[in-house]
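# Observations on the model geometry
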Amino acid sequence: MRLDRLQLDLRPRSHSQALDLGVALLRQSYFTCYATWLALWLPLNLLCGLLAWQYQDWAFFFLVIPWWLRPLLERVIVLVLSRAVFGQQLSWWQALRAWPKELGGGWFRVLTWWRLFMPGRGLYQPIWQLEQARGRFAADRRRVLGRDGAGPAAYWFGIACVHFEAVLQIGLISLIGLFTAPPDAMNPLWMLFDQEIAQSQPVFLMSLACYAIAVGIMAPIYTACCFTLYLNRRAELEAWDIEIILRRLAQERQGSKSLKLPTVGHTLAVLLAVMLILPQAVQAAPQCEPPEDKKVEADLIARQRTPAQSTEQQAIRAELDKVYAHDDLRGYRCVQTWTAKNKTPKEPEKEDKDEEDKGKRSEKVPDWASDLTKAILILGAIALVAWLLYRYRDRIVGAFQQAETRKLPGEVAGMDIRPESLPDDIPTAVRKLWAEGQQRNALGLLYRATLSRLVHQYALALTQGATEGDCVKLAQQAHQQGELPADTLALTQDITRIWLAAAYAQQWPSDAALDSSCSRWQQTFGGAA
Amino acid sequence: MLDGRLALLTPEGIRLSLTPAGPVRRAFAWTIDFVLWLIAVIVIAIAIRFAMGDSNLGEGLFLVVLFLSYWGYPILCEVYAGGKTLGKRWMGLEVVREDGLPVGWRESSLRNLLLVADFLPMMYATGLLCMLFDHRFRRLGDLVAGTLVIYSPKTRARKAAQSGEAHPLPFPLTPEQQRALIDLVERAEHLPPSRCLELADLAEPLTGLRGEASLARLRAYVAGLTR
């Protein structure tokens, strides 16, 4: 037994956590487990079903056989898992070939009184099968393993699993019942309640098939969970976790470099695998047509482009296109959703209410009391809805408002353009600042006021992130659409030019130029806000 | 390495581990809850019958109580009692959100309303299958609400510090290795003596001794570590 190859993280855990671990272990080698188990279980059931069909007088006897032999069949799962837990994967065929050798030991006990009264048998099967213990020694081992609550834990786990099998079986039968029921049947299990149908041969065999499927699903889970309980118990009793750490410590002290090389190789292999898988994963994302407006935009960009001047430029453009085509930048997302098929409205069926038993009521409580309670309950429900609406009124109102009005930006290109932040008489204020020698502030105020008027007077759709160039471009577009007069556009362009030259190149306009700009501003936008 | 735990990393860099609970434990918790609810409902039915006799009001009131208790009991318990109904408390389970936070009204009502979907076609067969195939044992309601049922974290009681003369470690050990040494000494009384000596022999690179002497030296190390 090479404990360092153990695939389980050993630490002291409760019995129910150890049992849950079995599902994870089974998931790791589910194919082999289920393939080997079903290869034994399904043919056995098929055979017994056929025999029961043939010899109807003995039907019950044949149906008990699969249930009765199940503990022996389960040993094949323990075989597969006991190899898998140490990192050795058997093929299902190998496991099937090895199965007959695993049957020795404990089979008499397992097939007689334990079959009826010992649902926790899964905990003890590995004692015969893996430890090869027999007789008195096996009994001692069972006693030791079952101590400290492990035995009862396995017992209750087994009882729960038996119920789960019943749940799955009844679930399957009622699923079939739902689809085969006569239109007026209310009970999905109608087949079992109808005396005549329940005893007919097909229904009988169908419930056998459902049993076979339910146990087919549950038995590997039961076995795997009991097996991890067994492992956990042994690890606890024999301090496997401590042994692993001590062995690793000893290895480290010997300073073996051979330990590290495989890890590097392993990491490389994983990296390679990831790199190989990644492109496919990216391609697997859903592909879809771009929406109409994005198509128009792409068209526009393509038409505006002058032919490439060199191959280098062409290459750069190709690269740019590739970058912009990425999911994050292309401006739309591909999402798979459900959409409704054509719906056919269904006429609601009328319910007939029998009013007969109303008269039979005793008069201990008058009828009006029930009507009053009904009214109170209905009013309470209305009040609850009203309160919920009131409680979340901000969110509900907010949701409508945002859809209707566009918020005007308070700031463009880092400048505050709210009307209330500006003085009333712009030209006078600008001239005053200019005369005081605060040239930058004067020009800044003029430009700010211009943008503010464009937004608030002409409803130009400036956004917070727009640059000066963007603002001019938008103004031009508005002019082309007839929303902005020509002289306003000209003034905007002039002031932007003056502002840019001053702000970025420290080239100040002459006093006369500023003065004329101010008077033009006065004519165009009017002095007061 | 298979370990039933989920590791979550908080923004502060603290590692939390949650252990999702499997279907069997949850089924027992459900059974306890259901039996308790049944008893409560029967008691209420008898009380109403006794107080009001066979009347419309009594019948209506009983139906209202039935509805409110069936849907309200798990939700109220989960929101106000730390994610635990009485059955879950008994079985040591609790409901949390997938990020380990306590459940709120939204998650709790979603996961409990979807019990109806889990019940289909009969006796929670869908929920059971879903739990068995999901790697965190979530049923449909848990998947939709983004919740998990986990084992309530328990702090393991450490035993008192080892008495006896302390001995310094010959070279530094990682926290994991130190913990293993403490574990070994604490669990030694439950281990078979031969197994104890075997482990003490394995610790030879650390102690430089074998057998009983090695075990005594390990005890001395642990006395130093737990002091």
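Residues numbered from 1 in each chain as written. Chains lettered and ligands numbered in written order. Predicted model: local features only at pLDDT ≥ 70, side-chain atom pairs only at ≥ 80, totals over all residues. Heavy atoms only, no water.

### Description of the interface of chain A and chain B
Contact residues are listed per partner, giving 60 residues for chain A and 55 residues for chain B. Note on chain A versus chain B: buried area summed over both sides is about 4800 Å², and carbon and sulfur give 67% of it. Counting every contact that joins chain A to chain B gives four salt bridges. Linking chain A to chain B there are 14 residue pairs in polar contact (both at pLDDT 80 or more). Among the secondary structure elements, those contributing two or more residues to the side of chain A that touches chain B are helix H1 (15-28), helix H9 (150-180), helix H12 (201-238), helix H13 (240-253) and helix H17 (367-391) of chain A. (Contact = heavy atoms within 4.5 Å. Buried area = accessible area lost by both parts, 1.4 Å probe. Salt bridge = Lys/Arg side-chain N within 4 Å of Asp/Glu carboxyl O. Polar contact = N/O pair within 3.5 Å; in protein donor to acceptor, adjacent residues only side chain to side chain. Helix = DSSP H or I, 4+ residues; strand = E, 2+ residues; numbered from the N terminus.)

### Re helix H1 (residues 23-52) of chain B
All names here are of chain B. In a regular helix each residue adds 1.5 Å, so 30 residues correspond to 44 Å; H1 covers 42 Å between its end C-alpha atoms and thus fits that length. Taken together, the buried positions of H1 are Pro23, Val24, Arg26, Ala29, Ile32, Asp33, Trp37, Val41, Ile48 and Met52. Note on H1: the residue one or two positions beyond its end, Gly53, has a positive phi of about 70°. (Expected span 1.5 Å × (residues − 1). Buried < 20%, exposed > 50% of the residue type's maximum accessible area, 1.4 Å probe, protein only.)

### Looking at the UniProt feature "transmembrane region" (unreviewed entry) in chain B
Residue and element names in this part refer to chain B. Mapped onto the present numbering, the UniProt feature "transmembrane region" (unreviewed entry) falls on residues 27-48, 60-81 and 113-133. For residues 27-48, helix accounts for 100% and strand for 0%, while the C-alpha atoms at its two ends are 31 Å apart. Taken end to end, residues 113-133 has its terminal C-alpha atoms 21 Å apart, with 71% of it in helix and 0% in strand. (UniProt positions renumbered as here; feature names shortened; annotations may be inferred.)

### Concerning the confidence of the model for chain A
Residue and element names in this part refer to chain A. The predicted model of chain A has a mean per-residue pLDDT of 81, with 86% of residues at 70 or higher. Taken together, the stretch residues 256-285 has pLDDT below 50 and engages in two contacts with residues farther than four places along the chain or on a different chain. Across residues 349-359, confidence stays below pLDDT 50; counting only partners more than four residues off in sequence or on other chains, it has one contact. (pLDDT = per-residue confidence, 0-100.)

### Structural notes on the environment of Phe525 of chain A
Residue and element names in this part refer to chain A. Mapping Phe525 onto the fold places it in helix H23 (residues 511-525). A sequence separation of 99 residues divides Phe525 from Ile426, and the C-alpha atoms of the two residues are 9.8 Å apart. With near-sequence residues (within four places) excluded, Phe525 lies in contact with Thr450, Arg453, Gln457, Tyr458, Thr488 and Leu491.

### Remarks on the pairing of strand S2 (residues 15-18) of chain B
Residue and element names in this part refer to chain B. As paired elements, strand S1 (residues 6-9) and S2 share four bridges and run antiparallel to each other. Note that in S2 the partner of Leu8 across the bridge is Leu16. In sequence, S1 turns back onto S2 through a hairpin of five residues, with Gly13 there showing a positive phi of about 80°. (Pairing = 2+ DSSP bridges.)

### Some points on the packing of H13 of chain A against helix H9 (residues 193-202) of chain B
When two helices pack together, their arrangement is captured by the angle between the axes and the distance separating the axes. Direction vectors running N to C along H13 of chain A and H9 of chain B enclose 20°, while the axes themselves pass 9 Å from each other. One way to sum up the angle between H13 of chain A and H9 of chain B is to call them roughly parallel. Here the hand of the crossing between H13 of chain A and H9 of chain B comes out left-handed. For the pair H13 of chain A and H9 of chain B, the contacting residues are Trp240, Glu243, Leu246 and Arg247 of chain A in the first and Arg195, Leu199 and Leu202 of chain B in the second. Broken down by class, the residue content of the contact of H13 of chain A with H9 of chain B amounts to four nonpolar, no polar and three charged. (Axes fitted to C-alpha atoms, helices over the stretch in contact; angles between N-to-C directions. Parallel < 35°, antiparallel > 145°, perpendicular 65-115°, else oblique. Left-handed = near helix turned anticlockwise from the far one by under 90°. Nonpolar A, V, L, I, M, F, W, Y, C, P; charged D, E, K, R; others polar.)

### Here's the deal with the packing of aromatic side chains
Following the criterion strictly, the structure yields 24 aromatic pairs over all chains and no others. Grouped by ring-pair contacts, the aromatic residues Trp30, Phe34, Trp37, Tyr70, Trp71, Phe119 and Tyr124 of chain B constitute a single cluster. When the ring centre of Trp67 of chain A is taken as origin, the NZ or CZ atom of Arg115 of chain A, which lies over that ring, is 4.3 Å away. Taking the ring centre of Phe171 of chain B as reference, the NZ or CZ of Arg253 of chain A above it sits at 3.6 Å. (Phe/Tyr/Trp six-rings, centres within 6.5 Å; stacked < 30°, edge-to-face > 60°. Lys NZ or Arg CZ within 6 Å of the ring centre and 35° of its normal.)

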